[in-house]
Amino acid sequence: MSTATILIVEDDDWLAEQHSRVLTKAGYKIAVALHALVAIQVIDDINPDAIVLDVLLTGSTAFALLHELQSYGDTGDIPIILCTNLASELSVDDLELYGVKKILDKTTMVPDDLVVALRSVLS
Amino acid sequence: MSATRGEHERLFNGPLTDGLPSLVAAAHELKSPLALVRQLSLMLEGGDVSANEQKRMLRQISLTSERALRLTSDLTRSVRMSDAMFTLEPINPQQLCEDIVHELTPLFLAHSRDVKLIPHKHPLLLVANRDLLRRIIMNFSDNALNYAEGGTSVEIRIGMLKSGNIIRLGVRDYGPALSGDILDSLRGKLARASTPIHARPQSSGLGLYIASQFADVMNGKIGVTRHRDGATFYVDLQASRQLNLL
């Protein structure tokens, strides 16, 4: 069981709840932000070990948040897992400079893929 | 009274029958609810959930499916617009909106939000097609549900413009404000409606595009007003003169 703290940034509240359900069962501590602006505040507050990030967010895209995180030394190293419907249009190679370690496709992933991905990036 | 093809339809030469862009938008809009339903179903198949969780997840599956089905139904309706005649009739907007509030309340409560009607102080009648107007308001409400902050109420407001000839039905949400750039872009698109309208940053705008199409058939128009803490999407329609005759 891990005790790492994971921030889920997802504007669909029920999908955020589902991710939380899966990760809580796997032993992670979870925080949820429904918007990028809230996410920045939560990151400051809890300093998460990893972030699970949707791409198309209400109010701004994930890329604005990724830019913001890279602007600061203490947040630039937080590993990011993108969890998105746009996975087929993105590549880790293009986004690794922004801390993106994995990209999960919401349309094909199974719930445990999130746990496997987190174990991988936190190991 | 009836209407067939409106200005909108002539301008776009048949939206949603024009091929790939509309199909891509529809696919995008349907991905999210289907992905959620799939995740919840897989979790339930796994079996490691409590009875309470199970009940909640099944409810979420039902409500998410209904929302997705509403979109597919609107799409079907939209594609068939050019073939159909739409009867326009005097409609009591308060009664229609009360029905919508009643229908949507379980969905909103399940999302820890509320939906309520803010009626006009005097009875009003407008000229519209009941089914299309209902779809527009449902569409705006779905959009508002996505955008409203948890714990807030979405308000369906009925009002009359100063001229007295136009009745406005608006759906007001309380969430993060649109940025100036997005608002300018949205206003331009609402005015021209020559490309799919991006209702919200995360949306393909397909739902709003369909709503503008439906409004056009009824000689109405849709628009948006930005507030500090949210937005109102509205449809303006002709007031009926029947009340004056009474």
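These numbers were taken from a predicted model, which means no experiment stands behind them. (Residues numbered from 1 in each chain as written. Chains lettered and ligands numbered in written order. Predicted model: local features only at pLDDT ≥ 70, side-chain atom pairs only at ≥ 80, totals over all residues.)

Engineer: Tell me about the overall build of chain A, residues and numbers included.
Structural biologist: Counting its secondary structure elements, chain A contains six helices and five strands. In chain A, the order of α-helices and β-strands from amino to carboxyl end is β-α-β-α-β-α-α-β-α-β-α. For chain A, whose C-alpha radius of gyration is 13 Å, the value lies close to the compact-globule estimate of 14 Å for 123 residues. With the C-alpha coordinates aligned to their principal axes, the bounding extent of chain A is approximately 35 × 30 × 30 Å. Residues classed as buried in chain A amount to 40% of the 123 residues present. (Helix = DSSP H or I, 4+ residues; strand = E, 2+ residues; numbered from the N terminus. Rg over C-alpha atoms; globule rule 2.2 N^0.38 Å. Buried ≥ 20, exposed ≤ 12 C-beta atoms within 10 Å, placed from the backbone.)

Engineer: Which residues make up the packing of helix α2 (residues 36–46) of chain A against helix α3 (residues 62–70) of chain A, and what values do they have?
Structural biologist: Residues and elements named next belong to chain A. Where α2 meets α3, the closest approach of the two axes is 10 Å, and the angle between their N-to-C directions is 30°. The orientation of α2 relative to α3 falls into the category roughly parallel. Where α2 crosses over α3, the two elements pack in a sense that is right-handed. Packed against α2, whose contacting residues are Ala36, Ala39 and Ile40, the element α3 presents Ala64, Leu65 and Glu68 at the interface. (Axes fitted to C-alpha atoms, helices over the stretch in contact; angles between N-to-C directions. Parallel < 35°, antiparallel > 145°, perpendicular 65-115°, else oblique. Left-handed = near helix turned anticlockwise from the far one by under 90°. Contact = placed C-beta atoms within 7 Å.)

Engineer: Report on the nonpolar core, specifying residues and quantitative values.
Structural biologist: Counting 43 residues, the largest nonpolar core has Ala128(B), Ile136(B), Ile137(B), Leu169(B), Ala211(B), Phe214(B) and Met218(B) as the members making the most contacts within it. Secondary structure elements with two or more residues in this core: α4 (93–110), β5 (126–128), α5 (130–147), β6 (153–160), β7 (166–174), α7 (206–217) and β9 (230–238) of chain B. For this core, the element with the highest residue contribution is α5(B), accounting for nine residues. When sequence neighbours within four positions are dropped, the list of residues in contact with Ile137(B) reads Cys97(B), Ile100(B), Ile156(B), Leu169(B) and Val171(B). In this structure, Ala33(A), Leu66(A), Leu69(A) and Ile103(A) belong to the second largest nonpolar core, which totals 31 residues. (Core = buried A, V, L, I, M, F, W, Y, C linked by C-beta atoms within 7 Å.)

Engineer: Help me get a handle on the environment of Glu10(A), residues and values and all.
Structural biologist: Residue and element names in this part refer to chain A. Residue placement: Glu10 occurs in the loop between β1 (5–9) and α1 (13–25). When the 25 C-beta atoms within 10 Å are taken as the criterion, Glu10 is described as buried. In this structure, the C-alpha to C-alpha distance between Glu10 and Ala117, residues 107 residues apart in sequence, is 17 Å. When near neighbours in sequence (up to four residues on either side) are disregarded, Glu10 contacts Leu15, Ala16, His19 and Asp54.

Engineer: Any chance you could break down the confidence of the model for chain B for me, citing the residues and the numbers?
Structural biologist: Residues and elements named next belong to chain B. Mean pLDDT over chain B: 81, with 76% of residues reaching 70 or higher. Within the model, the stretch residues 1–20 combines pLDDT values under 50 with 38 contacts to residues more than four positions away or in other chains. Reported for the predicted complex are a pTM of 0.77 and an ipTM of 0.89. (pLDDT = per-residue confidence, 0-100.)

Engineer: Any details on the environment of Ser91(A)? Residues and values, ideally.
Structural biologist: Assignment of secondary structure puts Ser91(A) in the loop between β4 (80–84) and α5 (92–95). Ser91(A) sits in the exposed class, given 11 other C-beta atoms within 10 Å.

Engineer: If you had to explain the domain arrangement of chain B to someone new, which residues and values would you point to?
Structural biologist: All names here are of chain B. Looking at chain B, the domain boundaries give domain 1 (2–6 + 86–245) and domain 2 (13–79). On the domain 2 side, the residues contacting the 13 residues of domain 1 number 14 residues. Those elements that place two or more of their residues in the side of domain 1 that touches domain 2 are α4, α5 and α7. In terms of residue count, α7 provides more of the side of domain 1 that touches domain 2 than any other element does, five residues in total. A class-by-class count of the residues in the side of domain 1 that touches domain 2 yields seven nonpolar, four polar and two charged. (Domains from an automatic or database assignment. Nonpolar A, V, L, I, M, F, W, Y, C, P; charged D, E, K, R; others polar.)

Engineer: Any details on the sheet that holds β7(B)? Residues and values, ideally.
Structural biologist: Residue and element names in this part refer to chain B. If you walk across this open sheet you meet the five strands as β4-β6-β7-β9-β8, and the pairing is mixed. Unpaired on one side and paired on the other, β4 (114–118) and β8 (221–227) mark the two borders of the sheet. Averaged over neighbouring strand pairs, the angle between their axes works out to 20° when direction is ignored. Looking at chain direction, β7 and β9 are connected through nine bridges and run antiparallel. Considered in β9, the bridge of Arg172 is made with Thr232. Packing against the sheet, α4 makes contact with β4, β6 and β7, and its axis sits at approximately 170° to β4. (Pairing = 2+ DSSP bridges.)

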